[in-house]
Amino acid sequence: LEAERHFGHKRKLCTAAEMDTLIAFGAASLGLHADDIAGWALTALNCPWLSDQQKAVVSERDWFWDTVHVLGRPRRCLIVNHHYAHAASFFVSGFDRAVVQTCDGGGDFGECVGAFVGDGLSLERVSHSIDAANGLPYHVIAGHFYRERFCEGKLMALAAY
């Protein structure tokens, strides 16, 4: 969504150079340079820096560490699945243990739903039936609120409020 605002283009999928521009802009607005950032995490969904091999790994696992070239140099990054990134909000929730379900209009590899168990510093995916929930109601509700299609990201971004 920030790419849409920065570049003035709806449904913007960024190139690696455009993502570099966004990160540099965001860091500068906080008075930082990219080299001041100690930890990097990337979601795999539409990430222009990931190789086909890295995309294959994230299709098998929810997260892994690897080197990714960001802003012109290699950086050690935590690469996470789209729904795992949503579920990681558990870590700042204040709960010691929780079942976390994510459900939105899309994710890595067409996934619309994820289920996880959070316990302390652990977050593990659990199996679930895709029949139990899917992204369709989320899509319909987001469309109702915003009066446009494919606006699930807006609803997800504002859910924190």
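Residues numbered from 1 in each chain as written. Predicted model: local features only at pLDDT ≥ 70, side-chain atom pairs only at ≥ 80, totals over all residues. Heavy atoms only, no water.

1. Some details on the sheet that holds strand β1 (residues 40–43)
With mixed pairing, three strands are arranged side by side in an open sheet as β1-β3-β2. The open sheet has two edge strands with one neighbour each: β1 and β2 (63–70). On average, each strand axis in the sheet is inclined to that of its neighbour by 45°, with strand direction left out of account. For β2 and strand β3 (residues 73–80), the ladder comprises eight bridges, and the chain directions are antiparallel. When the sheet's bridge partners are listed, F64 is paired in β3 with I79. Where helix α3 (residues 52–60) meets the sheet, it contacts β2 and β3, and its direction lies at approximately 160° from that of β2. (Pairing = 2+ DSSP bridges. Helix = DSSP H or I, 4+ residues; strand = E, 2+ residues; numbered from the N terminus. Axes fitted to C-alpha atoms, helices over the stretch in contact; angles between N-to-C directions. Contact = heavy atoms within 4.5 Å.)

2. Side note on the confidence of the model for the chain
Here the chain averages 83 in pLDDT, while 86% of its residues score no lower than 70. Predicted confidence in the chain is weakest over helix α6 (residues 152–158), with a mean pLDDT of 70, and strongest over strand β6 (residues 122–125), with 94. (pLDDT = per-residue confidence, 0-100.)

3. Quick look at the state of the cysteines
On inspection of all chains with the given rule, the structure shows zero disulfides. C47 supplies the cysteine sulfur nearest to C77, a cysteine that is in no disulfide, at a spacing of 8.2 Å. (Disulfide = S-S within 2.5 Å.)

4. Here's the deal with the nonpolar core
W49, V68, V70, C77 and I79 are the most contacted members of the largest nonpolar core, which totals 14 residues. Elements with a minimum of two residues in this core: β1, β2 and β3. Per-element tally for this core: the top contributor is β2, with three residues. Setting aside residues no more than four positions away along its own chain, C77 makes contact with W40, L42, F64, W65, D66, V68 and V70. Core analysis: the second largest hydrophobic core is formed by eight residues, Y84, A87, V100 and F116 among them. (Core = buried A, V, L, I, M, F, W, Y, C linked by side-chain atoms within 4.5 Å. Buried < 20%, exposed > 50% of the residue type's maximum accessible area, 1.4 Å probe, protein only.)

5. Notes on the side chain of T102
Among the secondary structure elements, T102 is positioned in strand β4 (residues 97–103). One polar contact links T102 to H83, side chain to side chain, over a distance of 2.6 Å. (Polar contact = N/O pair within 3.5 Å; in protein donor to acceptor, adjacent residues only side chain to side chain.)

6. Considerations on the sheet that holds strand β5 (residues 113–119)
Pairing within the open sheet is antiparallel, and its three strands lie in the order β4-β5-β6. Since the sheet does not close on itself, it has two edges, and those belong to β4 and β6, each with one partner. Taking each pair of neighbouring strands and ignoring which way they run, the sheet shows an average axis angle of 25°. Bridging between β4 and β5 involves seven bridges; their strand directions are antiparallel. In the sheet register, T102 faces β5, and the bridge partner there is G114.

7. Here we look at unusual backbone geometry
Although it is not a glycine, L71 sits at a positive phi angle of roughly 55°. Mapped onto the fold, L71 is located in the loop between β2 and β3. On the basis of relative accessible area, L71 is assigned to the partly exposed category, the value being 25%. Positive phi, close to 60°, is recorded for R147, a residue that is not glycine.

8. A look at the pattern of salt bridges
Considering all chains together, one arrives at four salt bridges under this definition. Between D35 and R75 there is a salt bridge, with the nearest N and O atoms lying 3.4 Å from each other. Of this pair, D35 sits in the loop between α2 (16–29) and β1 while R75 sits in strand β3, and the two are 40 residues apart along the sequence. Among the residues examined, D35 registers a relative accessible area of 47% and is labelled partly exposed. Given the relative accessible area of 5%, R75 is considered buried. Put simply, R125 and D62 hold a salt bridge, and the shortest N to O gap is 2.7 Å. Of this pair, R125 sits in strand β6 while D62 is found in the loop between α3 and β2, placing the two residues 63 residues apart along the sequence. The structure contains a network of salt bridges with shared partners spanning D35, R73 and R75. (Salt bridge = Lys/Arg side-chain N within 4 Å of Asp/Glu carboxyl O.)

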